[in-house]
Amino acid sequence: MASSAATAHSGTGGMLEGQVALITGAGKGIGEAAARLLAAHGAAVVCADLDGTAAQMVAGAIQEAGGRAVPLAGDVTAPDFPERAVSEALRAFGGLHILVNNAGYTWDGVIHKITPEQWAAMLEVHCTAPFRMIQAAAVAMRDAAKMELERSGVAKPRCIINISSTTGTHGNAGQANYATAKAGVVGLTKSVAKEWGPFNVRCNAIAFGLIDTRLTRAKEGGESILVGGKEVKLGIPSADGYWSAVKSLIPLRRVGSADEAAGAILMLASPYSSYVTGQVLEVNGGSFM
Ligand SMILES: NC(=O)c1ccc[n+]([C@@H]2O[C@H](COP(=O)([O-])OP(=O)(O)OC[C@H]3O[C@@H](n4cnc5c(N)ncnc54)[C@H](O)[C@@H]3O)[C@@H](O)[C@H]2O)c1
């Protein structure tokens, strides 16, 4: 679990007070840190994850810190998941204002060896699932805002944050499937920003560089994810050597933490970003300037 300044809940009066956030992949890593941070700033959070136990632990920790959260177990690629997740936000907290499409994993391979299954899995989890989440959220975000506008001329702030990667914006050897999917989410982001901007629904993407989670630690550490009955090994082979090489190319000379990644999510969700939409924020220690 992320140890975070965010565990200190701010109680009432946080800048996200009155807002409901739905975060996919909130059981670990960046999603967990984001759930804790957004809750610490007053949002009520639906912590969704494939790993129901992890989702439960994160939601429980938020509640213990005085925040509002509920867990939701499920696979974002399951046909019924998006409707279920949005319904849970409405049932538990009566609305949906912040959707963070974060759930995902890597299934690396060189181009000449990537299998059709490996290719399809990355597009499914990183592109199709976020699209279907946004589609399911239309009623609670776009349609709700449209009604507010018709009633009072003002729509509450709402936003969607799609998690991309510098692999999507710049490419990466060994990750053609992941790169294609993470680039796709950028097109999705800009399209949503254009379609739903008139309803005060902002949509931005964050392209993370190297963030310290199990996705970027040594593959030899043995971390894996079980998706659709298949075990996929996570991490970068001999990541220590890899990291020391790439660190020298990062202007800040270090990888980012999950808490720092969550900070960028909070920034885009916050009222201070109320005029920011359709953007891809690169959070990568200054790489690729
Ligand atoms: N760590 C990095 O350096 C990095 C860089 C760029 C982008 N990203 C992206 O950030 C996001 C979060 O990754 P992370 O590094 O925190 O990894 P992580 O493995 O620590 O956390 C990902 C979480 O998503 C959940 N998840 C995975 N597939 C799911 C599915 N099908 N349905 C529901 N939940 C699912 C996992 O159970 C896990 O709790 C991913 O989209 C990843 O591609 C990470």
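All values reported here derive from a predicted model rather than from experimental measurement.

Visitor: For this particular structure, what's the right way to read the overall build of the chain?
Guide: Scanning the chain from N- to C-terminus turns up 9 helices and 9 strands. What you see for the chain is a C-alpha radius of gyration of 18 Å, in line with the 19 Å of a compact globule of 289 residues. Taken along its principal axes, the extent of the C-alpha atoms in the chain is 55 × 40 × 35 Å. Of all 289 residues assigned to the chain, the portion counted as buried reaches 52%. A separation of at least 24 residues holds for 69% of the contacts in the chain among residues at least 6 apart in sequence. Per element, the accessible surface of the chain, about 12700 Å² overall, is 57% carbon and sulfur.

Visitor: Please clarify how the site of the ligand should be interpreted in this entry.
Guide: Contacts to the ligand come from 30 residues, most closely from D49, N102, Y178, T213 and R214. The contact in question runs from an oxygen atom of the ligand to an N or O atom on the side chain of Y178, over 2.5 Å. At a separation of 3.0 Å, an oxygen atom of the ligand approaches a polar side-chain atom of K182. Considered on its own, the ligand offers 830 Å² of accessible surface; in the complex 98% of this is hidden by protein. Contributing elements (two or more residues each) for the shell around the ligand: α1 (29–40), α4 (116–137), β5 (158–165) and α7 (176–196). Among the elements that line the shell around the ligand, the one with the most residues is β5, at 3 residues. The residue inventory of the shell around the ligand, partitioned by class, reads 13 nonpolar, 12 polar and 5 charged.

Visitor: Which parts of the structure should I look at to understand the nonpolar core?
Guide: A general feature of soluble globular proteins is that nonpolar side chains tend to end up buried together. If you look at the biggest cluster of nonpolar residues, it comprises 47 residues, and the most contacted ones within it are L22, L96, L99, Y105, I160 and W196. The element best represented in this core is α4, accounting for 9 residues. Ignoring sequence-local partners within four residues, the contact set of L99 consists of L22, M133, I134, A137, M141, C159, I160 and I161. In this structure, V58, A59, I62 and I211 belong to the second largest nonpolar core, which totals 35 residues.

Visitor: Got a minute to help me understand the packing of α1 against helix α2 (residues 52–64) in this structure?
Guide: When two helices pack together, their arrangement is given by the angle between the helix axes and by the axis-to-axis distance. It is at 10 Å that the axes of α1 and α2 come closest, and there the two elements cross at 20°. When the axis of α1 is compared with that of α2, the two are roughly parallel. The two elements α1 and α2 cross, and the hand of that crossing is right-handed. Of α2, the residues touching α1 (which contributes E32, A35, R36 and A39) are V58, A61 and I62. Broken down by class, the residue content of the contact of α1 with α2 amounts to 5 nonpolar, no polar and 2 charged.

Visitor: Would you take a moment to explain the pairing of strand β3 (residues 68–73) for this structure?
Guide: Looking down a regular strand, the side chains alternate between one sheet face and the other. Pairing geometry for strand β2 (residues 44–49) and β3, over 6 bridges, is parallel. What sits directly across from A48, in β3, is L72. Handedness of the β-α-β unit built from β2, α2 and β3 comes out right-handed.

Visitor: Would you mind showing me how to read the side chain of T189 here?
Guide: Positionally, T189 belongs in helix α7. Polar contacts involving the side chain of T189 include one to the side chain of N162, which spans 3.0 Å. Once residues within four sequence positions are removed from consideration, T189 is found in contact with N162, C203, N204, A205 and Q279.

Visitor: Looking at this structure, how should I read the sheet that holds β2?
Guide: What holds strands together in a sheet is hydrogen bonding between their backbones, with the strands either parallel or antiparallel. Pairing is parallel across the open sheet formed by 7 strands, whose spatial order is β3-β2-β1-β4-β5-β6-β9. A strand with exactly one partner marks an edge of an open sheet, and here the two such strands are β3 and β9 (280–283). Adjacent strand axes in the sheet meet at a mean angle of 15°, parallel and antiparallel pairs treated alike. By the bridge criterion, 8 bridges tie β5 to strand β6 (residues 201–208) in an arrangement that is parallel. Bridge pairing links C159 to R202 in β6. On the sheet, helix α3 (residues 81–93) packs against β1 (20–24), β2 and β3 and is oriented at approximately 155° with respect to β3. Lying on the sheet, helix α5 (residues 139–152) is in contact with β4 (98–101), β5 and β6; it crosses β5 at an angle near 155°.

Visitor: Looking at this structure, I do not really get the pattern of salt bridges. What am I missing?
Guide: Any two side chains of opposite charge can pair, on the condition that their charged atoms come close. Overall, the coordinates contain 12 salt bridges when judged by the stated rule. Two residues, D51 and K28, come together in a salt bridge whose shortest N-O distance is 3.0 Å. One end of the pair, D51, is in the loop between β2 and α2; the other, K28, is in the loop between β1 and α1, and 23 residues separate them in sequence. Given a relative accessible area of 32%, K28 falls into the partly exposed group. In this structure, E223 engages R214 in a salt bridge whose closest nitrogen and oxygen atoms are separated by 3.7 Å. For E223, a relative accessible area of 37% gives the class partly exposed. In this structure, a network of salt bridges that share partners links the residues E148, K156 and R158.

Cut-offs used in this document
Residues numbered from 1 in each chain as written. Predicted model: local features only at pLDDT ≥ 70, side-chain atom pairs only at ≥ 80, totals over all residues. Heavy atoms only, no water. Helix = DSSP H or I, 4+ residues; strand = E, 2+ residues; numbered from the N terminus. Rg over C-alpha atoms; globule rule 2.2 N^0.38 Å. Buried < 20%, exposed > 50% of the residue type's maximum accessible area, 1.4 Å probe, protein only. Contact = heavy atoms within 4.5 Å. Areas by Shrake-Rupley, 256 points an atom, 1.4 Å probe, with all protein chains shown as cover. Near = heavy atom within 4 Å. Polar contact = N/O pair within 3.5 Å; in protein donor to acceptor, adjacent residues only side chain to side chain. Nonpolar A, V, L, I, M, F, W, Y, C, P; charged D, E, K, R; others polar. Core = buried A, V, L, I, M, F, W, Y, C linked by side-chain atoms within 4.5 Å. Axes fitted to C-alpha atoms, helices over the stretch in contact; angles between N-to-C directions. Parallel < 35°, antiparallel > 145°, perpendicular 65-115°, else oblique. Left-handed = near helix turned anticlockwise from the far one by under 90°. Pairing = 2+ DSSP bridges. Right-handed = clockwise from strand over helix to strand, strands pointing away. Salt bridge = Lys/Arg side-chain N within 4 Å of Asp/Glu carboxyl O.

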